Structure formats: structure tokens, C-alpha cells
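Report on the structure
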Amino acid sequence: MHIFEEIKKSTITAVWFVFLTFPIMVIRVNTIHKTIEWRWDNMIMVAVGSFALSFVWRYFMEHRQAPKPEAMGRGVPWIQNARQAIKHPVFFYSAIALLTVFAVIFPFIFSRYQVNIMTTALIYVMLGLGLNIVVGLAGLLDLGYVAFYAVGAYSYALLHLHYGLNFWICLPLGAGLAALFGIILGFPVLRLRGDYLAIVTLGFGEIIRLVLENWNEFSKGPSGIAEIPRPPIPGVELSLSESSVFLYFLVIILTLFTVFVVNRLRNSRIGRAWIALREDEIACQAMGVNKTATKLTAFALGATWAGMAGVIFAAKTTFINPASFTFLESAIILSIVVLGGMGSIVGVIASALILILLPEYLRAFSEYRMLLFGAVLVIMMVFRPQGLVSTVRQTYQFKGLKKDKEVG
Amino acid sequence: MMERLLDVKSLTMDFGGLRAVDQVNLDVCQGEIVALIGPNGAGKTTFFNCITGIYAPSDGEISVIPPGKKPIRINGFKPHKITQAGMARTFQNIRLFPNMTVLENVMLGRHCRTTSKILGAILRGSHTRREEEETVDFSYHLLEKMGLEKYANEFAKNLPYGAQRRLEIARAMATEPFLLLLDEPAAGMNPQETKELDDLITKIKNEEGISILLIEHDMKLVMNISDRIFVMEYGREIAKGTPLEIRENPKVIEAYLGEEVHA
Amino acid sequence: MTSSFFAEKEIYNGLLLSRTIILQELINFLMDYFLELLLGGLTKGSIYALIALGYTMVYGIIELINFAHGEIYMIGAFTALIAASILNMLGLGQITILILASILAIIYSSAYGFTMEKIAYKPLRHSPRLSPLISAIGMSIFFQNYVLLAQTSDFLPFPSLLPEFEFLQPYRHIIRSPEIFILFTTVVVMVLLTVLIKFTKVGKAMRATAQDRKMAMLVGVDVNKIISMTFVIGSSTAAIGGVLIASFIGQINFYIGFIAGIKAFTAAVLGGIGSIPGAVVGSLILGCTESFATGYVLSDYEDVFAFGLLVLILIFRPAGILGKSSSEKV
């Protein structure tokens, strides 16, 4: 009677969820006209939905509780196979070639609107990779990452407004200022335990936003700063669509630069220290790693990338205000890292593209965007905390004394 | 008298009102294996945590004397400074980096003996490349010495228990210490594994020239390999001497009453 | 001459007198203003306390910062609003509505708290520390958007359900009836909770689980049940807080849980997270600090004070006022 047992369980779940969602989902009161709207269709939706989902949930729960040994370390089999296939040089180089061609012709075959969306998505890739250094590699849950993004964006906007500095000067300046902020904040807070650190960074992020909102003389308050110029090419007059294409290529280059840097760092002396700190802080210190300095480098480096992305964001939208830098923005970036897999570069790129592009293209979907982000965080933590693409550490091969390195 | 490496004078550690370590003196000389024994809760691990910088001691003097160099007073030093000074440790409950490979675990031990920084890592210049190669070489050789080379690319968490213990020792040795602190290295091992550990520790002392201070409950191992033994009870040092002297010491026998002294 | 002299003196005296009166009035005014701020702060603080309890109890028992706790409070407020509106249309009296709406809010908040624990936290009992925190952040965002999509993003007017006391009329400028009501309710809830935790079997099991989960399990405590109970109790007090504050401020939206949650968390940390008396003390201090800071210094920066306080406490005294500092066992 296994099947009846399962149906019974799901029925109970469905009844429970109907009860649970009844006031919020079914009833809507109009407090002004004093009318009540009963949305019974929602009730049916909840009943059917939770009935079906409870089967899925239980199925995955059972599989989670009995993880297969090979699935533990290196990800599920099909990903393993895919990884093998990707490693094959023919496949690898043809894929790279295809991607390059696609990326190059993209702005010429699609509309300006599409190019803008892609640019946004790539900015999120940069943000995701930057936060990945902090959260994924060093294991520091930074919930105020958006503060550094804001620092970058406002650096450009204000430096241009007051001193007329152009984009190319502001890009490194914004990144540098964000890094400085990272160090200033990081110094006192990095000795805190993980969950406290998360909350302090959240508090710091909110403080930055509230100050930007309230300090009108400095930041022009909630009305924001407008007419921020797009990146110029000296001596060339760009039309609107030309400049968005130019920005697109600029972001592509910066994204590639980010990938390059993160990949190099990951398998370096400093990268190993970050991961070891994430794995066991006390053992790591006892092995001669300076905890504060190592954490600080991760924190500041992550901030640098947020700052850089912020400058680009300001240049792309040409208008910024504090509303772009709420906690939700931090949460979106965190979802990207969590979905992609902490420490994984490919995973973070894929998840940034999925999470940002999907709601853009599926309009019906976009309303549910944040609902989805919330659900992604919970579901990933419960079922696949290592993310879509779990990280594979670099392996080394030894032939006698001479050894070849191979990047996995 | 041989050259001293570690000199601890009247070390005291209070937790609130509780005195976990009470004026303990201990020293380790060049080429020695010294054991610190005592019943459970005697304060041995707390003592280790004090001299490795995990706790800041309430009182006392701790100095390490790197061979041929001036003494360094290490009270209140951060753990990584102490490791840099040349004293490395293992943990009672194994604390490896589970999601790093075995080789990487050892390579992490090289952190404090290498220097490449962020920019070096990004640009990967000749200095960084050379250093990285040396780190891999050094670590791999160490794994070979510990009989762990076949696991080099496995995740540390997938290793068998005994191998995890050995990996912890290898990781500590990668920091090139002159004094190795082992916290209950034989805990949870069967007699065969304990025998192998016995050989390994002797080998580390003889071939690598690393002196050893260990906490251990396995009396057979302690009596076999130690040159000198310190005994603690209730946070105090109650006896010290050669294994022979300790075996005959009435205070020690009393402290261990009901526990097996003559294994 | 004399008369004018007298007149002058009289004027002088009059001036002196009027100056004293002005000074007196100024002092009175300042005193009243101070009292107003103090009582306002205490009221605010006691509502924070009702929410902070949930944080501190959950943290005490499973060491999780239940980030979505603020949303439980928000859902309580929404349930109460919906219930109150319907009951109002049925023509029930104010007190009846208050009681029924509160009960429904408590039931629903607890149900949400209970379900949330089962879905998002229970499967993560043995995960690394940050996993349940990320899961909690996910839950928080999910609930916010769930209410946003199913209800509305606008502020909804909340009926004032709290009773007016006639005898307080003369002191209107210092304290209003709802404030007294809130203070009183909070005290009652605190007393009940203390009794529950100190003197009942469930309370004992809770304290045991908080101290050592494994040991409690070994001596026969159903730890899962106790954890669920903790969520239910914490959610209930948050629901009471939700009804009170919504009724006091007069409007709610889906976002009220976030700020209130952070502030209640600040209060819990300030008092020493895990400690119940600490949560109350911390909340009252936070409420008063905010009240005085915004009353005397800068009114725009109310939230900055709360966040600033949070950052400062966590950096300088993470154990809080009444908490004990703990270090990891090596």
C-alpha cells in the first residue's frame, strides 16, 4: 500500500497548504471600498500545486538522504560526463570558437534592447564572480556587497559631476575606492564569526544606502544623479546605439578579465589560503596563515570588482539613485553565486545568465523574479548546497620527479 | 645539556573562575621526543592551545628558541606567527580541509614559507611559477615520505581514518617546523596502526631532525618512544622524568589509579 | 517720582515673574518632551521585544539567525488586517475584532513559522553554519514577494483596534492610550513566557535542548518537537507584535517585516542573543535610543541609528549585555 501512503501524505500536505495560504492567497480586501474579493481559483492552484510538489519534494528528500559516494565529491554523473566531454580538446576549442563568434556578432544581429539586456547580464556575471571570491572561495557571507557596487557607481557619478573626470579615469578610481571601503569595513568586522559577519555587512550596506538617500548635499538624495556620460572613445563621436555596442564589448572584455583573474587566483597560494580558511579557520591559522590579512584581501578584492561593476552600471544607465542599491540587489547577487556553485566560475556565469536573462525574456515570468530568487536560495541549500556546478580542484600529475599540471 | 627549543615557565590559563592550567613548566630540547600525559580533563589540550596561540595564556612565559637563534617570547602571539617561528601542531579531533585535495592540504602548509602575493598570482611571473613548482615538489615528496602519495589528488574527506591522521602530520611538517606538537596522534587507531605511528614518529625525529612534543593516552606508545615525560593532573604538573622514573612515581600511579599505567 | 519708581519696580518684578514662568514652561515643555520620547521609546522597544523573542529563542536552540522571522511578523499583521476588515464588515465591536484578529494572526504566524522550519531549516540541521542562514534569507525574500504578489505592494490602512482609555485624556500630550495598551500587553506576554520557560515541562525541555541538543535527545527529549515548539512560540509573539504595531502605526505593507526584523535582531544581539531577558532589555534600549536620537538629533536617520548600533555592538561586544561569550572548542 505504498502508493496510498504517498497519496495520503500528499493530500495532507495539500490540505495544510490550502489552510496556510487561505488568507493571503484567496482573500483580498479593498479597505477603501470595503469590499472583499474571493479568489477561489488561487485555492485550487495551491491545492493542486502543493499536492504535486510534495511528491517531488519527498522524492528528492529521499535521494538527498542517501547520497551516492561518487555523487558526493564530484557532482552528479551527467555533469561528470559533460565535464569529461568538455575537457576533450576538439569539443573545448570548437565551443570556445562558437562562443566567441556568437559574442562578436551578437550586437550586430540583435536589437539595441537585446544588447542592453546582455550588457546587464554580463555586469551581473562580474558581480557574481566578484562575490564568488568573497563567499565562494573565502567563505565570508557578505550581505552588503551592493554597498561596494554603490560606492563604484557614485564615485563615477560624483567625480564626473564635480570634477568632470571621465569614465576611463573613474573606472580604476571607482574600483580603488570600493577596495578602500572594503578594507575600512573589513578591518574591524572580519574577526567576527560567520553569521555575525553576514549581519554586520548587511547593516553596513543599509547604512550606505540610507546615507545616500538622506544626505542630499552630497548625493542628491533619492532623486539621484542623472546625465552620467557613457564611456567615450577619445576623438570619436558615438551615436546612442554605437555607444551601447561599445559598452557591450567593453563589458565582455572586463568579464573575460574577471574570469582570467579569478581562475588564476583560485589555484594560487592565496586562493588555497582562502579555501582553507573557509574549510577550517582554526586549522588554517595553525598552519601559518594570517587570518585577518587573508580575509581582508578576499574582501577587498571582491569589493574592487563590485566597484568596477558599479562604474559600468552608472555609465550604462546614465542615471543612478539609491533605490538601485537595496539589500535585494545583494540577495540577487548571492543567489547567482549560490545557484552557480560556490567557487565555480562556469557555474556562476551560467547562473547569472539564467537568473538575469530568463525573467527578461519570459515576460510573464518577470513578476515572479524575486519569488524565484528566494526559492532558489532555499532549494539549493536543501538539495544541492554545492551549486549546479560543483568545484573541482586542480589536480596534479606526477611522472617520477617531472610533473605535468592539468587544470580541471 | 642539549639545546632547548621550547621553554614554558609557570604557564597559567584561567577560564572565568576555572583554572585549567596552573603554573606548568615544560621544556623540550633538540632531538627529543617529549610526552605530556595525564588523565582526561587534566588540561593537556588547553596547554597546547596556549602555546600554539589559540588561547592567550593568563600568566607565564613561553619562549621558542629556533636552533642557533635567539629566543622568541611568544606569549599572546597569533597562531600563524607561532607556526612561522617554527612550531607546528596537529589536532585531537582531526581538522583537515575536507574539500581540498590531499596534496593541497599539504601545500597549504607551505603558505608561511612562500611569498607570492595577489599580483604575483594574477600575473604568474617567473617567481610565482617557480615557487608554485617548488611547493608542489616539496608537498609531493612529503606525501611520499608519509606513504600518502597514492591519495594525492583525492579529497581529504574521502581518506581512511589512519591516513587522515598521517595527512595532518604531513601538513604540519610542510611548515618546516623544528618542533612538532602532536595532540593524541594515536586516538582511534588500532594496535597495528599505532605501531606504524610509533615508527613514523621515530622516523620523523631521526630522519627529519624534528623534535616532538606529544599528548597521548596510549601508554605503550608513550613509554616506547619518549625521552622524557611530563605528567599533568587537575591543571598542575605532578611529575616529570624519563619513562622509567615516571613508571615508578607514586604520584603518577595514584593519579592513574584505576587506569592502566603498565601497558 | 515714587510712583514711577514703584511702577518701574513692578514692571521689573513682572518681567522677572514672566521670565520665571517662561522658564518654568520651557522646563515643563522639555520635561514633557523628554517623557514623551521616553514613553514612545519604551513602546517601540516593547514591540521590538515581542519580535526579538523569536530571534533569541530560535538562536538559543539551533544557533540560527532566523532571517525570515520579520516576515512571520509581517504575515501576522496581514492576517490580522484581512480578518479585521472582514469582521468589521460583519459589524462586530472593536474589542471583539481585536481579540479575534489577534488569535487568527497568532494561528497563522505560528503555522507559517512551523512550516518554514520544516521546509527550510530542518533538512539543514547538519549542514555548515552558513547554509541555514542563506536558506533563511531565501525564505525571507520568498515571503515578501509572496505577499507582494498575492496581495499588493501598496501600503494598506490598518484599522485602529487598540482601545482608548478615558482616564488618560489629561496626559494626551505625553502618552496615548495605545502606548499604554502595548506596554501592558508586552508585560503580560513576557510574564507568560517566563512562566512557560521556567516552570513547565516544555520549558525545561527547551532549556535542555538549548544547552546540549545531543544530551537532551539521549535523555528522551523529542528535540524535533521542541524546535518546532520554539518556532511556534516565537512566531506567536511576533504575531502579537504585528497586530500591535500595525494598529499603532495604522498602515502595513509587505516590506515592514524586513526593517522590523533587522531592528529586533539588533535588539536581541544588544541584549545578548540567546538570552530572553536580554532580548527585552536590548529592545527597550534600542527603542529609547532611536526615540531620543531621532527626537533630539536627526529625524531622517532613524534607521541609520539602528543599523549603526547593530554594527557597533557586533564589533565591540558581540556577546551583548546579558550574553555570555563563547569560544569554539578546539
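In this report, we go over the structure that sits alongside the text. (Residues numbered from 1 in each chain as written. Chains lettered and ligands numbered in written order. Predicted model: local features only at pLDDT ≥ 70, side-chain atom pairs only at ≥ 80, totals over all residues.)

**Observations concerning helix α2 (residues 69-89) of chain C**
- Compared with the 30 Å implied by 1.5 Å per residue over 21 residues, the 31 Å span of α2(C) between its first and last C-alpha is a close match.
- For α2(C), a buried count of 18 out of 21 residues is recorded, marking the element as mostly surrounded by other parts of the structure. (Helix = DSSP H or I, 4+ residues; strand = E, 2+ residues; numbered from the N terminus. Expected span 1.5 Å × (residues − 1). Buried ≥ 20, exposed ≤ 12 C-beta atoms within 10 Å, placed from the backbone.)

**Describing the environment of C:I75**
All names here are of chain C.
- Mapping I75 onto the fold places it in helix α2.
- Of the residues examined, I75 has 30 C-beta atoms within 10 Å and is grouped as buried.
- When the C-alpha atoms of I75 and I106 are compared, they prove to be 9.8 Å apart, with 31 residues separating the residues in sequence.

**A short note on the sheet that holds strand β2 (residues 18-29) of chain B**
Residue and element names in this part refer to chain B.
- Reading across from one edge, β2-β1-β4-β5 is the order of the four strands in this open sheet, with antiparallel pairing throughout. At either end of the open sheet lies a strand with only one pairing partner, and these are β2 and β5 (72-73).
- Here five bridges tie strand β1 (residues 4-15) to strand β4 (residues 59-64), and the two strands are oriented antiparallel to one another. Bridging from a neighbouring strand, K9 pairs with E61 of β4. (Pairing = 2+ DSSP bridges.)

**A few points about the interface of chain A and chain C**
- Of the residues lining the interface, 42 residues belong to chain A; the matching set on chain C comes to 48 residues.
- Among the elements of the structure, α1 (2-26), β1 (27-30), α8 (167-189), α9 (194-214), α15 (327-340) and α18 (369-383) of chain A are those that each provide at least two residues to the side of chain A that touches chain C.
- Per-element accounting of the side of chain A that touches chain C gives the leading share, 13 residues, to α9(A).
- Of the residues contributing to the side of chain A that touches chain C, the split by class is 32 nonpolar, five polar and five charged. (Contact = placed C-beta atoms within 7 Å. Nonpolar A, V, L, I, M, F, W, Y, C, P; charged D, E, K, R; others polar.)

**Points about the packing of helix α3 (residues 102-109) of chain B against helix α6 (residues 161-173) of chain B**
Residue and element names in this part refer to chain B.
- Two elements in contact, α3 and α6, have axes whose closest approach is 7 Å; the angle formed by their N-to-C orientations is 35°. Contact with α3, carried on its side by V102, N105, V106, L108 and G109, involves L167, A170, R171 and A172 of α6 and no other residues of that element.
- Tallied by class, the residues present in the contact of α3 with α6 amount to six nonpolar, two polar and one charged. (Axes fitted to C-alpha atoms, helices over the stretch in contact; angles between N-to-C directions.)

**Description of the environment of B:M173**
All names here are of chain B.
- By the secondary structure assignment, M173 is in helix α6.
- Separated by 35 residues in sequence, M173 and E208 have C-alpha atoms that sit 9.4 Å apart.
- In this view, M173 contacts L142, L180 and I210; residues no more than four positions away in its chain are not counted.

**Quick notes on the packing of α2(C) against helix α9 (residues 256-271) of chain C**
Residues and elements named next belong to chain C.
- Packing of α2 against α9 brings their axes to within 7 Å, and their N-to-C directions diverge by 130°. Overall, the two elements α2 and α9 adopt an arrangement that is oblique. For α2 against α9, the interelement crossing comes out right-handed. From α2, H69, G70, E71, Y73, M74 and A77 reach across to α9, where they touch I256, G257, F258, A260, G261 and A264.
- Of the residues contributing to the contact of α2 with α9, the split by class is seven nonpolar, four polar and one charged. (Parallel < 35°, antiparallel > 145°, perpendicular 65-115°, else oblique. Left-handed = near helix turned anticlockwise from the far one by under 90°.)

**Section: the sheet that holds strand β10 (residues 236-241) of chain B**
Residue and element names in this part refer to chain B.
- Strand order across the open sheet formed by six strands is β6-β7-β8-β3-β9-β10, with mixed pairing between neighbours. Edge strands, defined here as strands with exactly one partner in the open sheet, are β6 (87-89) and β10. On average, adjacent strands in this sheet sit at an angle of 20° to one another, irrespective of strand direction.
- Taken together, the three bridges between β6 and strand β7 (residues 179-183) define a ladder with parallel strand orientation. Bridging from a neighbouring strand, R89 pairs with L181 of β7.

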